[in-house]
Amino acid sequence: MKQIVRDKWSSKAGFVLAAAGSAVGLGNIWKFPYSVGVNGGGAYVALYLLFLVIIGMPLMLAAITLGRKTQLSVFGAYKSIDKRWSFVGALAVICGFVILAFYSAVGGWVLYYFKNAVTGRLNTTDPTVLAGIFTDMMNSPKILIFYQLIFMLMTIMIVIKGIKKGIESSSKIMMPALFILLIIIAIRSVTLKGSMEGIKFLLVPDFSKITMDVAKNAMGQVFFSLSIGMGVMITYGSYLGKEENLLSTAVSIPILDTLAALIAGFATIPAVFALGFEAGEGPGLMFITLPAVFASMPMGQLFCIAFFLLVIFAALTSSMSMLEICVSYFVDERNKDRKKATLTIGALIFLLGIPASLSLVEGSGFRLGSLTFFDAYDKLSANILLTTGAFLLSIFVAWVVTTKEAVKEIESSGVEFKLANVWSFLLKYIVPVGVFIILVNSYKDFIVSILQ
Ligand code: TRP
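Here's what I pulled together on the structure shown here. If you're wondering where the values come from, they're calculated on a predicted model, not measured in any experiment.

Concerning the overall build of the chain
Then step 1. Secondary structure summary: the chain contains 17 helices and two strands in total.
Then step 2. Relative to its length of 452 residues, the chain is compact, with a C-alpha radius of gyration of 21 Å against a globular reference of 22 Å.
Then step 3. For the chain, the spread of C-alpha atoms along the principal axes amounts to about 60 × 50 × 45 Å.
Then step 4. With 452 residues in all, the chain has 60% of them scored as buried.
Then step 5. For the chain, the exposed surface amounts to about 17300 Å²; the carbon and sulfur share of it is 68%.
Then step 6. Between the centroid of the 35 positive side chains of the chain and the centroid of its 25 negative side chains there is a distance of 6 Å.

What to know about helix 4 (residues 74-81)
Then step 1. Of all the residues in helix 4, the buried ones are V74, F75, G76, A77 and Y78.
Then step 2. The elements touched by buried residues of helix 4 are helix 3 (42-70), helix 5 (86-119), helix 11 (232-237), helix 14 (300-332) and helix 16 (373-411).

Observations concerning the site of the ligand
Then step 1. Neighbouring the ligand are 17 residues, the closest being A23, G27, Y103, F224 and S227.
Then step 2. L26 is positioned such that a nitrogen or oxygen atom in its backbone is 3.1 Å from an oxygen atom of the ligand.
Then step 3. One of the backbone nitrogen or oxygen atoms of F224 is found 2.7 Å away from a nitrogen atom of the ligand.
Then step 4. Relative to its free-state accessible area of 360 Å², the ligand is covered by the protein chains to the extent of 100%.
Then step 5. For the shell around the ligand, the secondary-structure elements that each account for two or more residues are helix 1 (12-23), helix 2 (26-38), helix 5, helix 10 (212-226) and helix 14.
Then step 6. Residues belonging to the shell around the ligand are distributed by class as follows: nine nonpolar, eight polar and no charged.

Some points on the pattern of salt bridges
Then step 1. On inspection of all chains with the given rule, the structure shows twelve salt bridges.
Then step 2. Residue D82 is joined to R84 by a salt bridge in which the shortest nitrogen-to-oxygen separation is 2.9 Å.
Then step 3. Exposure remark for D82: the relative accessible area of 14% places this residue in the buried category.
Then step 4. The exposed category is assigned to R84, whose relative accessible area is 68%.
Then step 5. Residue K209 is joined to D206 by a salt bridge in which the shortest nitrogen-to-oxygen separation is 3.8 Å.
Then step 6. For K209, a relative accessible area of 37% translates into the label partly exposed.

Some remarks on the packing of helix 10 against helix 16
Then step 1. Two elements in contact, helix 10 and helix 16, have axes whose closest approach is 9 Å; the angle formed by their N-to-C orientations is 70°. What the angle tells us is that helix 10 and helix 16 run roughly perpendicular. Of the residues in helix 16, those touching helix 10 at K216, N217, G220, F223 and F224 are K379, A382, N383, L386, T387 and A390.
Then step 2. Looking at the contact of helix 10 with helix 16, its residues break down into five nonpolar, four polar and two charged.

Quick word on the state of the cysteines
Then step 1. For the coordinates displayed, the defined rule picks out zero disulfides.
Then step 2. In this model C326 remains outside any disulfide bridge; the closest cysteine sulfur is found in C95, 8.7 Å from its own.

As for the packing of helix 3 against helix 16
Then step 1. Interaxial distance between helix 3 and helix 16 falls to 9 Å at its minimum, and their mutual angle equals 65°. With respect to helix 16, the element helix 3 is oriented roughly perpendicular. With respect to the hand of their crossing, helix 3 and helix 16 are arranged in left-handed fashion. Here L59, L61, A62, A63, T65, L66, R68 and K69 of helix 3 lie close against helix 16, whose contacting residues are A390, L393, S394, F396, V397, V401, E405, A406, E409 and I410.
Then step 2. Grouping the amino acids of the contact of helix 3 with helix 16 by side-chain chemistry returns twelve nonpolar, two polar and four charged.

Re the nonpolar core
Then step 1. Counting 163 residues, the largest nonpolar core has W30, W109, F223, F287, F307, F308 and W423 as its most contacted members.
Then step 2. For this core, the element with the most residues is helix 5, which contributes 20 residues.
Then step 3. Residues in contact with F308, not counting those within four places in the same chain, are V110, Y113, F114, A117, L122, M286 and F287.

Looking at the side chain of T70
Then step 1. Secondary-structure assignment places T70 in helix 3.
Then step 2. By relative accessible area, which is 14% here, T70 ends up buried.
Then step 3. Among all residues touching T70, those that are not within four sequence positions of it are A77, S80 and I81.

Overview of the packing of aromatic side chains
Then step 1. All chains considered together, the criterion is met by 32 aromatic pairs.
Then step 2. Ring geometry for Y113 against F308: centres 5.6 Å apart, planes inclined by 45°, an arrangement best described as tilted. A residue pair is termed long-range when its members are at least 10 positions apart, and Y113 in helix 5 and F308 in helix 14 qualify at 195 residues.
Then step 3. With relative accessibility at 0%, the residue Y113 sits in the buried group.
Then step 4. The ring centre of F224 lies 4.6 Å from the NZ or CZ of K31, which sits over that ring.
Then step 5. One residue, K428, lies across the ring of W399, its end atom 5.6 Å from the ring centre.

Regarding the environment of S35
Then step 1. In this structure, S35 sits in helix 2.
Then step 2. In contact with S35, not counting residues within four places along its chain, are Y44 and Q221.

Considerations on the environment of I312
Then step 1. Tracing the backbone through its elements, the reader meets I312 in helix 14.
Then step 2. Under the relative-accessibility criterion, I312 is labelled buried at 5%.
Then step 3. It is 6.7 Å that separates the C-alpha atoms of I312 and L111, two residues lying 201 residues apart in sequence.
Then step 4. Residue contacts for I312: discarding those within four places in its chain leaves V110, L111, F114 and M154.

Description of helix 16
Then step 1. Helix length check: helix 16, at 39 residues, gives a terminal C-alpha distance of 45 Å against a target of 57 Å (1.5 Å per residue), a shortfall beyond 12%.
Then step 2. Residue T402 marks the point of greatest curvature in helix 16, where the axis turns by about 90°.
Then step 3. Burial runs high along helix 16: 28 of the 39 residues are buried.

Criteria and thresholds
Residues numbered from 1 in each chain as written. Predicted model: local features only at pLDDT ≥ 70, side-chain atom pairs only at ≥ 80, totals over all residues. Heavy atoms only, no water. Helix = DSSP H or I, 4+ residues; strand = E, 2+ residues; numbered from the N terminus. Rg over C-alpha atoms; globule rule 2.2 N^0.38 Å. Buried < 20%, exposed > 50% of the residue type's maximum accessible area, 1.4 Å probe, protein only. Areas by Shrake-Rupley, 256 points an atom, 1.4 Å probe, with all protein chains shown as cover. Lys, Arg positive; Asp, Glu negative; His and termini not counted. Charge placed at Lys NZ, Arg CZ, Asp CG, Glu CD. Contact = heavy atoms within 4.5 Å. Near = heavy atom within 4 Å. Polar contact = N/O pair within 3.5 Å; in protein donor to acceptor, adjacent residues only side chain to side chain. Nonpolar A, V, L, I, M, F, W, Y, C, P; charged D, E, K, R; others polar. Salt bridge = Lys/Arg side-chain N within 4 Å of Asp/Glu carboxyl O. Axes fitted to C-alpha atoms, helices over the stretch in contact; angles between N-to-C directions. Parallel < 35°, antiparallel > 145°, perpendicular 65-115°, else oblique. Disulfide = S-S within 2.5 Å. Left-handed = near helix turned anticlockwise from the far one by under 90°. Core = buried A, V, L, I, M, F, W, Y, C linked by side-chain atoms within 4.5 Å. Phe/Tyr/Trp six-rings, centres within 6.5 Å; stacked < 30°, edge-to-face > 60°. Lys NZ or Arg CZ within 6 Å of the ring centre and 35° of its normal. Expected span 1.5 Å × (residues − 1). Bend = angle between axes of the 7 residues up to and from the residue.

See the structure below:
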């Protein structure tokens, strides 16, 4: 066997920060709040939390354990245990392409908003003006593509520098800063006059709002937000030393991630109600609402600039994890040159992302059936590819690796896994069955909407 000396994380904290850096991103700050709005509020939040605990956390532990056990990135991890499962690695690479293609579009929006924050253009609480800035951006192919390109180039540059330097050093400062800033914004948002309605909207579940669609979106969001289902956590786990405690890691990352999402929810939704925006606005929600919150704060412009800057970093620590998965496949499995592979793949993803961006321009005609390309990528990645990846991960670790072996791996660092039985039960039965029900529905819906 080829023996490669692998990078290890220089510290456990480095790994937790990097994994949390992958998890915490646009999914938390941009997607979660607007999904709460679109999917009817508290009931969606409650379902999200339920799925997080019974499905997301068990899968997080499964992924990290698989990575550390095999000491290989996603493709190799599956292959080394059972050759027939290599296709899951391929699925992960495809998934990375699709997610990053539209993720980079949103990353571009954030860059553009950062520029607008600096020039002071966002300095207003007027909903019409703010909505106008967003719509103008959506209808300008030049702006959309230019900023998407810049975002992709930034991601490429970080990945070319290699895993440790790029990932570890940047998340150490930026992540805590982002948390602090989000908390400040949330405090401002919930103290605005009229925010109570929004707080209720977030916290009081109206269970009659739970439909198959809402459940599907909530589960897709859990995977998307935790970076589960395309091998990021397997790959990152493979860099962990045998002495590390996997349990605390598998719990702390989802908790950090969910805190970020909830705080972002509290930063956005109460302000939506207080300042007269529309909760069901969709992908523009954060971009339209938060500038108004900043404008109603002392030193608002400064906060606004800092916010968009930190969101850029959060988005980059996520986007580089996706690109890393695609690149490491071509480097580890196909012996490609790292730099060349990164550039080529980055360029391909950018090209794939162009129709996603342009599909948002009114009347552009970039549609797949009833969906814009943007929505199609979003649904295809979160509801189909990630959910499939998560389903296969649970089956693989529960039944092929076996939970018994997995528990051995977890306990090899000397910790006692007190909830081993609960985890095994969840991973063997609850997770695959729960995910499968949603999955069947997602396939059906996706096919229907493409054929329309
Ligand atoms: N979790 C990230 C976010 O919330 C997005 C992300 C990064 C991701 N890597 C991933 C999603 C891998 C799915 C799979 O923004």
